[in-house]
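# Secondary and tertiary structure notes
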Amino acid sequence: MPHTETPGTEVAQSPRLRWWTELPLIVLVYACYSAGRLVVRGDVSDAVDHGLAILRIEKALYLNAEHPLNRLFTREPWLGIPADFWYASLHYLVTPAVLVWLFRSRAVHYRAARTWLMTSTFIGLIGFTLLPTCPPRLLDASHGFVDTMAYYSSYGWWGGEASAPRGLGGMTNQYAAMPSLHVGWALWCGVILWRYGRTRWTRTAAVVYPLVTTIVVMGTANHYFLDAAAGAAVMGAGLLLAPFVTRYADRAKARFLPRPAAVPADSAATGSPIVSAGCQTSAGERFPRQRHPEPRYGAGTEPGASPSDAGEGAPATAR
């Protein structure tokens, strides 16, 4: 039985998200992320004090995993060099790739996931602003850390200052360590792949990618363990705030942008010319209300009656 809409309940559907509107939004958020890291540099002495405070807290809690990992990555080039490439590149490749995959294959879930990622990123920028933190690799050598990015710089494009291309290290804020958005974005990718991926490979990547990223950021001396934990906490906060952000964005859109009007069910009937003027046809009719008149035959004039029978008043031959 065909599905019919209740008259008067049809409304215009919300416009579908388009890539040419999503791409500028993603670029804008990433530009804010980069500009925030660049502009909010903070005082170097404060950043060093914050880094040492984090290190003392970790030692008190027996969470100091950075030193053994950093020594391992420095001693074993087959681990340290891939780890540096992992840190310098995948952060900027995997996250956009997951966004594009979600947009193309799971479009119904894309907006919520994108809002979650953006909200968390802006929370991370607030952390960079309020708590500039010196990463372990930039602490004094007496603290026992080796900057693997500089140690293996001859193998990569990033030089000795940061993960930026050679000569552009001064254009990044190297004291934006708390929280670690490397870990936060990797965790977002893992959750999305686990929830919406349907293959064993996507489920495996959902676990491996954030786990390895957490190990890499500590082994390369770019982040403390508490930086990684803060990155995960930021993603949790963004997940909780994302529905409110979506709600306020919808309200702002409804206020400042024209909204499609509801389309009544009988608008097609009242707005379009109809030849039959509302008349309906029944089976066997060519035009509305153009039925043939009922035959009114007198006695002896029915079709098929012979003239002789009609003259005698005999009934017509049954057919």
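Residues numbered from 1 in each chain as written. Predicted model: local features only at pLDDT ≥ 70, side-chain atom pairs only at ≥ 80, totals over all residues. Heavy atoms only, no water.

### Section: a nonpolar patch on the surface
This is how it is decided: Like-charged residues are merged into a patch within 9 Å and nonpolar side chains (Val, Leu, Ile, Met, Phe, Trp, Tyr) within 5 Å, provided each residue has over 30% relative accessible area and no salt bridge. Each accessible area is a Shrake-Rupley estimate made with a 1.4 Å probe; only the visible protein chains count as cover when residues are assessed. In the sections that follow, a salt bridge refers to a side-chain nitrogen of Lys or Arg positioned within 4 Å of a carboxyl oxygen of Asp or Glu. Only DSSP runs of H or I reaching four residues or more are called helices, and only runs of E reaching two or more are called strands; each is numbered from the N terminus. Exposure is judged per residue with a 1.4 Å probe applied to protein chains only, and the accessible area is read against the type maximum: over 50% gives exposed, under 20% gives buried, and values in between give partly exposed.
A surface patch of nonpolar side chains, about 520 Å² in accessible area, is lined by L240, L241, F244, V245 and Y248. Structurally, Y248 can be placed in helix α9 (residues 225-256). Overall, the relative accessible area of 54% leaves Y248 in the exposed class.

### A few points about the packing of aromatic side chains
Test applied: Think of it this way: a Phe, Tyr or Trp ring, Trp meaning its six-membered ring, pairs with another when their centres are within 6.5 Å, and the plane angle makes it stacked under 30 degrees, edge-to-face over 60, tilted otherwise.
Counted by the stated rule, this structure contains 4 aromatic pairs. Ring geometry for Y151 versus Y152: centroids 4.9 Å apart, planes at 80 degrees, classification edge-to-face. Chaining the aromatic ring pairs together yields one cluster made of Y151, Y152 and Y155.

### Details of the environment of M218
Inclusion rule: We call two residues contacting when some pair of their heavy atoms lies within 4.5 Å.
Within the secondary structure, M218 sits in helix α8 (residues 200-219). By relative accessible area, M218 is classed as buried at 5%. Between the alpha carbons of M218 and N70 there is a distance of 6.9 Å; along the sequence they are 148 residues apart. Setting aside residues up to four positions removed in sequence, M218 forms contacts with A65, E66, L69, N70, H223, Y224 and F225.

### Comments concerning the nonpolar core
Going by this rule: In plain words, nonpolar cores are sets of buried Ala, Val, Leu, Ile, Met, Phe, Trp, Tyr and Cys residues tied together by side-chain atoms within 4.5 Å.
With 23 residues, the main nonpolar core has V98, L102, W116, L117, W188 and I192 as its most contacted residues. Of all the secondary structure elements, the ones that give two or more residues to this core are α4 (77-105), α5 (107-130), α7 (181-196), α8 and α9. Among the elements that make up this core, the one with the highest residue count is α7 (8 residues). Once residues within four sequence positions are removed from consideration, W188 is found in contact with T95, V98, L99, A113, W116, L117 and M235. One finds L69, Y87, V183 and A228 within the second-largest nonpolar core, a separate group that totals 12 residues.

### With respect to the confidence of the model for the chain
Selection criterion: pLDDT is a residue-level measure of predictor confidence that goes from 0 to 100.
The predicted model of the chain has a mean per-residue pLDDT of 77, with 62% of residues at 70 or higher. Across the chain, the secondary-structure element scoring lowest on mean pLDDT is helix α11 (residues 307-312), at 46, and the one scoring highest is α8, at 96. Contacts of residues 267-276 to residues separated by more than four positions or lying in other chains number 2 contacts, the stretch itself having pLDDT below 50. Note on residues 297-314: pLDDT is under 50 here. Beyond four places in sequence and across chains, it has 9 contacts.

### Description of α4
Convention followed: Multiply 1.5 Å by the residue count of a helix minus one, and that product is the helix's expected span. Two axes define the bend at a residue: one fitted to the seven residues ending there, one fitted to the seven starting there, and the bend is the angle between them.
Its 29 residues place the ends of α4 39 Å apart at the C-alpha level, agreeing with the 42 Å of an ideal helix rising 1.5 Å per residue. The largest bend along α4 reaches roughly 50 degrees and is located at L90.

### Here we look at helix α3 (residues 66-75)
In plain terms, the rule: It is the directions from the helix axis to the C-beta atoms whose arc is reported.
Taken together, the buried positions of α3 are occupied by E66, H67, L69, N70, F73 and T74. All buried residues of α3 fall inside an arc of 165 degrees around its axis, so they share one side. Turning to α3, the residues buried within the fold contact α2 (44-60), α4, α6 (148-151), α8 and α9.

### Topic: unusual backbone geometry
For the peptide bond that leads from M178 to P179, omega is 0 degrees, which places it in the cis range. Mapping P179 onto the fold places it in the loop between α6 and α7.

### Quick look at the packing of α7 against α9
Rules: Helix axes use the C-alpha atoms of the stretch in contact, all axes being lines fitted to C-alpha atoms, and the angles between their N-to-C directions lie in the range 0 to 180 degrees. Any angle between 65 and 115 degrees counts as roughly perpendicular, while under 35 counts as roughly parallel, over 145 as roughly antiparallel, and the rest as oblique. When the near helix sits turned anticlockwise from the far one by under a right angle, the crossing is termed left-handed; a clockwise turn instead gives a right-handed crossing. Here the term charged refers only to Asp, Glu, Lys and Arg, the term nonpolar to Ala, Val, Leu, Ile, Met, Phe, Trp, Tyr, Cys and Pro, and the term polar to all other amino acids, Gly among them.
Taken N-terminus to C-terminus, the directions of α7 and α9 make an angle of 50 degrees; their axes are 7 Å apart at the nearest point. In terms of orientation, α7 lies oblique with respect to α9. Between α7 and α9 the crossing geometry is right-handed. Across the interface between the two elements, V183, G184, W185, L187 and W188 from α7 touch A228, G231, A232 and M235 from α9. For the contact of α7 with α9, the residue count by class is 7 nonpolar, 2 polar and no charged.

### Structural notes on the environment of N64
Quick note on the threshold: A 3.5 Å cut-off defines polar contacts: any pair of N or O atoms within that distance qualifies, except that in protein one atom must be a possible hydrogen donor and the other a possible acceptor, and neighbouring residues in sequence count only when both atoms are side-chain atoms.
Relative to the elements of secondary structure, N64 occurs in the loop between α2 and α3. By relative accessible area, N64 is classed as partly exposed at 24%. Placed 154 residues apart in sequence, N64 and M218 show a C-alpha to C-alpha distance of 9.9 Å. In this structure the side chain of N64 is engaged in a polar contact, spanning 2.9 Å, whose partner is the side chain of H67.

### Some points on the packing of α5 against α9
As a packed pair, α5 and α9 sit with axes 7 Å apart at the nearest point and diverge in direction by 115 degrees. Taken together, the axis directions place α5 and α9 in an arrangement best described as roughly perpendicular. As for how α5 packs across α9, the hand of that crossing is right-handed. Only V234, M235, A237, G238, L239, L241, A242, V245, T246, A249, D250 and K253 of α9 make contact with α5, whose side of the interface consists of R111, T115, W116, L117, T119, S120, I123 and G124. Split into classes, the residues belonging to the contact of α5 with α9 amount to 11 nonpolar, 6 polar and 3 charged.

### Regarding the pattern of salt bridges
Any two side chains of opposite charge can pair if their charged atoms end up close together. Enumeration according to the criterion identifies 3 salt bridges in this entry. A salt bridge links R75 to E76; the nearest nitrogen and oxygen atoms lie 3.9 Å apart. A residue is classified by how much of its surface remains accessible, and E76, at 25% relative accessible area, is partly exposed. For R137, the salt bridge is made with D147, and the minimal N-O distance between the two is 3.1 Å. Here the residue R137 occupies a position in the loop between α5 and α6, and D147 occupies one in the loop between α5 and α6, the gap between them amounting to 10 residues.

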